[in-house]
Amino acid sequence: MDSMDCADASQLTPNANTSVTALQSLAMLNNHFIVRQSEHFADRVARVSSDPSVQIEAAYQLALGRPPTAAELAAFRTYATRTAWPTPAD
């Protein structure tokens, strides 16, 4: 919990420490809950269509509430081709 700047429950503090570090990002990315939720999201997007372009558009709508721009769609389409994305969860 130290990496996330969680307050010590045994002490009274008027202000909580705040910081943004690489360690916090890694702790979130490797967190079992975050990984599992990402798998659920990928499964949901995969059920929409087998076409990566449609999946990218669905992912943007679900995550950001907007369609991807032409540049974003092109970048993710290139990424999907290069990495065989998306891969369904086991």
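The residue numbers shown here count from 1 along each chain, following its written sequence. With the structure being a predicted model, the display of local features is reserved for residues of pLDDT at least 70 and the display and counting of side-chain atom pairs for 80 or more, all residues being used for whole-chain, interface and lining totals. For side-chain calculations, the full set of non-hydrogen atoms in the structure is used, while hydrogens and water are omitted.

With that settled, the discussion passes to the pattern of salt bridges. Should a side-chain nitrogen of Lys or Arg be within 4 Å of a carboxyl oxygen of Asp or Glu, the pair is scored as a salt bridge. Applying the stated rule across the entire model yields two salt bridges. Arginine 36 is paired through a salt bridge with glutamate 39; the nearest N and O atoms lie 2.6 Å apart. Pair noted here: arginine 36 and glutamate 39 are both in helix 2 (residues 32-48), with a separation of three residues, about one helical turn. Exposure classes here rest on a 1.4 Å probe applied to the protein chains alone. A residue is buried below 20% of its type maximum, exposed above 50%, and partly exposed in between. Given the relative accessible area of 28%, glutamate 39 is considered partly exposed. With its nearest N and O atoms 3.0 Å apart, the salt bridge here joins arginine 66 to glutamate 72. On the accessibility criterion, arginine 66 (32% relative accessible area) is partly exposed. Each helix is a run of H or I in the DSSP string that is no shorter than four residues. Each strand is a run of E no shorter than two, and both are numbered from the N terminus.

Below, the discussion takes up the confidence of the model for the chain. A residue-level look at the chain finds 71% of positions with pLDDT of 70 or above and a mean pLDDT of 80. Looking across the chain, the model is least confident in helix 1 (residues 22-29), with a mean pLDDT of 76, and most confident in helix 3 (residues 52-64), with 94. Across the chain, each position has a pLDDT score giving the predictor's confidence in that residue, from 0 to 100.

Next up on the list: helix 3. Helix length check: helix 3 (13 residues) gives 17 Å between terminal C-alpha atoms against 18 Å at 1.5 Å per residue, within 8%. Where helix 3 is concerned, the buried positions are Ser53, Gln55, Ile56, Ala58, Ala59 and Tyr60. Taken together, the buried residues of helix 3 touch helix 2 and helix 4 (70-83). Immediately downstream of helix 3, the backbone of glycine 65 shows phi near 75 degrees, a positive value. A helix is expected to span 1.5 Å for every residue after the first. Pairs of residues are marked as contacts when any of their non-hydrogen atoms sit within 4.5 Å.

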